[in-house]
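# A look at the structure
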Amino acid sequence: MGGQKKGGARVSEDAEEQSPQRLQAILLADSFATKFRPVTLERPKVLLPIVNVPMIGYTLAWLEYAGIEEVFVFCCAHAIQIIEYLEKSEWYSHPNLVVRTIESHKSISAGDALRYMYEQQAETSQIQGDFVLVSGDTVSNMPLADLIQEHRERKKKDEKAIMTMAIKQSKSSSLTHQSRLGTDQLFIAVDPLTKQLLHYEEDKIDHPRGSVCLDKSLLESNPSVLVSNDMQDCYIDICSPEVLSLFEDNFDYQHLRRHFVKGVLVDDIMGYKIFTHEIHSSYAARIDNFRSYDTVSKDIIQRWTYPYVPDINFSGNRPLKLGRQGIYRACDAVLSRSADVGASSVIGYGTKIGDGVKILNSVIGNGCSIGSNVVIEGSYIWNNVTIEDGCEIRNAIVCDGVKIRAGAVLEPGVVLSFNVVVGRDFVVPAYSKVSLLQQPTTEDSDEELEYADSSSGTADHLSGLNLQMESKASELGPDGAGYIWEVCEGAHDEEWKHSVAPIPKDKLAEITQAIDDDDTDDESVVPTSGELKSDADSINTDMNDPNDDYCYFEKEVEGTVLRAVEENIKVDLVTLEINGLRLSYNMESADCAGATFYSMMKLAVDTPHNSASELYKNAASIITKWKELLGFYVKKIDEQIEVIMKFEEMCQEPPKELGPLFTQILHLLYDKDVLQEDAILRWAEEKAGADETDKVYLKQCETFIQWLKEASEEEDEDDEDEEDDD
């Protein structure tokens, strides 16, 4: 980076005292990146559909719901398309949200956009005070009012506190060092008391070793530093007006994180500070690449983003009907009786599906025509797509107007841009990106550049890219139309890392082998999670705890169960989500049983109660209503014993309210057919040989155990009598 000019706030700092501030937001309607090419050469990223609704529709719906009163939508590439969309949508006349567009054809980065906003601000004073800064590819349901108030209160006490970043726990893969959104592992350090951000790193992590070096100076001015590598940056920021001023005064700030955030952290002259706010139960994610497109789509279908889900009316969408197994279907969709639509699928309006079609974990848009004996799995078919007989499509994205001729095959990771034609029986190779536009001869690799100076809003006038539209291209067979783009040198790994397709087994094997071959004995680096204190030579860390994965798994199951109870979600949908977590964390059915029961009991404890009897009523109500969910994972005796052991652990946890109710709840689980007598008696037998301190709850339920034994013996005697009679 070049030399910097340090500056302060020149935007009015007295706005809050002069009049009540409107809750405002700046929405960047350009990602300034090339990750969605070639699709974004023809349509802006924020208008790409995710589960049949444009991305920006989710962002605006959330901002309005969260209490934002005015949004400035900053448009760069394909500005006319975005403005036309907004003018035709409900947002231009919405009673609770004022949407204003700002257009700039010269901004090629987020930094340029915010500098332009500052110039406009100097003339119009549109930004009245603190504002929310988000991208138009953000999907969230998190509340904002309290977060904004927290930022303002902090600013009153410390005028240098200019930004609060929203973060969320999200464990990265131990193999790929990527989050479930396909983004690089994030390493941050914060003050555990004030939550001030002290270090932010997502570029230079030593991936094979999973380690990073910290500057010792962090400890010189901070008595305690909390370091973490299991956080996701939500890219939702609460900013003070000084943020715009700093972009104006530091011309080389281009990227919000790599330049601005890091610049503030290393600047010891102005002394500005950035703070973090961790969200827990809410959802927040940015669609940064095709893998996050896939992940967020699945989260929407599985209702993590409620109320922004396909069966709810928002942002002008047409609600779909939710059926069993998480299948959403338009009322006028026409399906052959022999068509098989599997779990977690969406069928849009006006779509026709032929005989013998199999669809699983896929989204089908509006106005599509699907022939006979077609297989679509893990794919996203946008609007007005024609798929002829006998085609196979797995883990692919198919844009508007595409035609796939009979017998064609799309291998995993394929992206077909608008109006492409795949020839009869043609096999599109894995990870191919196909467009009617020829690939640029030279493509700028700078992440910020995805800029189209298009006065008409179409791809025809894309300048500087040397793209040509031809009436016919035959790279997809004699009767096909489209160009298969070549993978840029050095970018092959990005293809499978950022694809909608699962990571191939051979790639996982390569990574595993590389890790095994790597020497990890160097102790000169700091583990990437834990609390480092200046008066100690060690780090508090649970990175090597064998129970670490289970802790993350249990927390995610708890969130799933809580949401299911709050939103009264059907049991089969909840089971589907827990099964997905089970596969992600490589857990057994017994682990699911323990985590599900733990979540149910924790909910009972967290529900208000004034006595043990009220706590028992809470537990009884939850068990009665959700016994089918728990029953799905306790079909075997070992799984039932796992539930009892988990219950013992909970009874010993502070404030130990469940302890006195152990026998009652155990009896209830037996009465509700969740636990069989064989499981309870086996648990009692195993406990009989334990230390006295470990037999507290066995002794508490002695009477119940004795009753079960007697009942079991009577049954055995009856069985013997029947055999004698025979």
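Residues numbered from 1 in each chain as written. Predicted model: local features only at pLDDT ≥ 70, side-chain atom pairs only at ≥ 80, totals over all residues. Heavy atoms only, no water.

## Considerations on the packing of helix α7 (residues 242–249) against helix α8 (residues 256–266)
To be explicit about the condition: Axis definition: a line fitted to C-alpha atoms, over the contacting stretch in the case of helices. Angles run 0 to 180 degrees between N-to-C directions. Strands here mean DSSP runs of E at least two residues long; helices mean DSSP runs of H or I at least four residues long; both are numbered from the N terminus. Our angle categories are set so that under 35 degrees counts as roughly parallel, over 145 as roughly antiparallel, 65 to 115 as roughly perpendicular, and the remainder as oblique. Every residue pair with non-hydrogen atoms within 4.5 Å of one another is taken to be in contact. All residues other than Ala, Val, Leu, Ile, Met, Phe, Trp, Tyr, Cys, Pro, Asp, Glu, Lys and Arg, Gly among them, are scored as polar; the first ten of these are nonpolar and the last four charged.
Taken N-terminus to C-terminus, the directions of α7 and α8 make an angle of 100°; their axes are 12 Å apart at the nearest point. What the angle tells us is that α7 and α8 run roughly perpendicular. Where α7 approaches α8, its residues Val243, Leu246 and Phe247 are matched on the opposing element by Leu256, Phe260 and Val264. A class-by-class count of the residues in the contact of α7 with α8 yields six nonpolar, no polar and no charged.

## Re the packing of aromatic side chains
Worth spelling out the cut-off: Here a pair means two rings of Phe, Tyr or Trp (six-membered ring of Trp) with centres within 6.5 Å. Their orientation is stacked below 30 degrees between planes, edge-to-face above 60, and tilted elsewhere. We call a residue buried when its accessible area falls under 20% of the maximum for its residue type, exposed when it is over 50%, and partly exposed in between, using a 1.4 Å probe and counting protein chains only.
According to the stated counting rule, one finds 15 aromatic pairs in the structure shown. Consider the rings of Phe36 and Phe290, whose centres lie 4.6 Å apart with planes at 50°: the pair is tilted. With Phe36 in the loop between β1 (24–28) and β2 (49–50) and Phe290 in helix α9 (residues 290–301), this pair connects stretches of sequence that are 254 residues apart. Comparing Phe36 with Phe290, the two get one shared label, buried.

## Side note on unusual backbone geometry
The linkage connecting Arg37 with the following residue, Pro38, adopts the cis geometry, with an omega of 5°. As for its placement among the helices and strands, Pro38 is situated in the loop between β1 and β2. Put simply, Tyr306 and Pro307 share a cis peptide bond, and its omega is 10°. Within the secondary structure, Pro307 sits in the loop between α9 and β15 (321–322). Non-glycine residue Asn395 carries a positive phi angle of around 50°. With respect to the helices, strands and loops of the structure, Asn395 is situated in the loop between β27 (392–394) and β28 (397–398). One non-glycine residue with positive phi stands out, namely Tyr431, at about 65°. By secondary structure assignment, the location of Tyr431 is in the loop between β33 (427–428) and β34 (433–435). Among the residues examined, Tyr431 registers a relative accessible area of 18% and is labelled buried.

## Quick look at the environment of Val696
Looking at where Val696 falls in the secondary structure, it is placed in helix α19 (residues 696–700). For the pair Val696 and Gly659, spaced 37 residues apart in the sequence, the C-alpha separation amounts to 9.4 Å.

## Some words on the sheet that holds strand β5 (residues 98–103)
Two modes of strand pairing occur in sheets, parallel and antiparallel, and in both the strands are linked by backbone hydrogen bonds. Basically, it comes down to this: In this analysis, strands are considered paired if DSSP registers two or more bridges between them.
Read from one edge to the other, the open sheet built from seven strands follows the order β5-β4-β1-β6-β12-β8-β13, with strand pairing classed as mixed. Of all the strands in the sheet, just β5 and β13 (273–279) have a single pairing partner and so form its edges. Neighbouring strand axes in the sheet, compared pairwise and without regard to direction, differ in orientation by 25° on average. Sheet topology places strand β4 (residues 70–75) next to β5; six bridges connect them, and they run parallel.

## Here's the deal with the nonpolar core
Using the following cut-off: In this description, a nonpolar core means a group of buried Ala, Val, Leu, Ile, Met, Phe, Trp, Tyr and Cys residues linked to one another through side-chain atoms lying within 4.5 Å.
One finds Leu144 and Ile404 to be the most contacted residues of the largest nonpolar core, which totals 104 residues. Ranked by the residues each element gives to this core, the list is headed by helix α2 (residues 55–65), at seven residues. Other than its neighbours up to four places away in sequence, Ile404 contacts Thr386, Ile387, Glu388, Cys391, Ile393, Val398, Leu410, Leu416 and Val422. Core analysis: the second largest hydrophobic core is formed by 58 residues, Ala595, Met601, Leu603 and Val643 among them.

## Overview of the sheet that holds strand β16 (residues 328–329)
Ordered in space as β15-β16-β19-β22-β25-β28-β31-β34-β35, the nine strands form an open sheet in which the pairing is mixed. Bordering the open sheet on either side are β15 and β35 (483–485), each of which pairs with just one other strand.

## Digging into the pattern of salt bridges
We count it as follows: Salt bridge, as used here: a side-chain nitrogen of Lys or Arg that lies within 4 Å of a carboxyl oxygen of Asp or Glu.
Under the counting rule described, the total for this entry stands at 25 salt bridges. Between Lys45 and Asp137 there is a salt bridge, with its nearest N and O atoms 2.7 Å apart. Of this pair, Lys45 sits in the loop between β1 and β2 while Asp137 sits in the loop between β6 (131–135) and β7 (138–140); the two residues are 92 residues apart in sequence, bridging distant segments of the chain. Taking relative accessible area as the criterion, Lys45 reaches 7% and is therefore assigned buried. On the accessibility criterion, Asp137 (1% relative accessible area) is buried. For the salt bridge of Arg100 with Glu70, the shortest nitrogen-to-oxygen distance reads 2.4 Å. Remark: Glu70 occurs in strand β4 and Arg100 occurs in strand β5; sequence separation between them is 30 residues. Residue classification places Arg100 among the partly exposed positions, given a relative accessible area of 36%.

## Some details on the pairing of strand β9 (residues 187–190)
The two faces of β9 match: Phe187 and Ala189 on one face and Ile188 and Val190 on the other face are all buried. Pairing between β9 and strand β10 (residues 197–201): four bridges, direction antiparallel. The residue bridging Phe187 from the neighbouring strand is Glu201, located in β10. Adjacent in sequence and paired antiparallel, β9 and β10 are bridged by six residues, among which Lys195 carries a positive phi angle near 70°. Of the pairings in the sheet, the one linking β9 to strand β11 (residues 224–228) comprises three bridges and is antiparallel in character. The residue bridging Ile188 from the neighbouring strand is Ser228, located in β11.

## Regarding helix α16 (residues 637–652)
Put simply, the test is: A helix is expected to span 1.5 Å multiplied by its residue count minus one.
An ideal rise of 1.5 Å per residue puts 22 Å on 16 residues; α16 measures up with 23 Å between its terminal C-alpha atoms. For α16, the set of buried residues is Glu639, Gln640, Ile641, Val643, Ile644, Lys646, Phe647, Glu648, Met650 and Cys651.

## Topic: the side chain of Ser315
Which entries qualify depends on this criterion: In protein, a polar contact means a hydrogen-donor-capable atom and an acceptor-capable atom, both N or O and within 3.5 Å, with residues adjacent in sequence counting only if both atoms are side-chain atoms; elsewhere, any N or O pair within 3.5 Å suffices.
By the element assignment, Ser315 lies in the loop between α9 and β15. Among the polar contacts listed, one links the side chain of Ser315 to the backbone oxygen of Gly57, at a separation of 3.3 Å. Within the structure, Ser315 has its side chain in polar contact with the side chain of Trp91 (distance 3.2 Å).

## As for helix α5 (residues 145–157)
Quick note on the threshold: By arc we mean the arc of the directions from the helix axis to the C-beta atoms, nothing more.
With 13 residues, α5 extends 19 Å between its outermost C-alpha atoms, agreeing within 8% with the 18 Å of an ideal straight helix rising 1.5 Å per residue. Restricting attention to buried positions, one finds in α5 the residues Leu147, Ile148, His151, Arg152, Arg154 and Lys155. Projected down its long axis, α5 carries its buried residues within an arc of 165°, all on one side. Counted as exposed and oriented over 90 degrees from the buried face of α5: Asp146, Lys156 and Lys157.

## A few points about the pairing of β4
Formally: Clockwise travel from the first strand over the helix to the second, with the strands pointing away from the viewer, marks a crossover as right-handed.
For β4, a buried count of six out of six residues is recorded, marking the element as mostly surrounded by other parts of the structure. Along β4, one buried face is formed by Glu70, Phe72 and Phe74 and the opposite face, lined by Val71, Val73 and Cys75, is buried too. Across five bridges, the pairing between β1 and β4 is parallel. In the strand pairing of β4, Ala25 is matched with Val71. The β-α-β motif built from β4, the intervening helix α3 (residues 79–88) and the parallel element β5 has right-handed crossover chirality.

Function-wise, these values are silent; they only describe arrangement.
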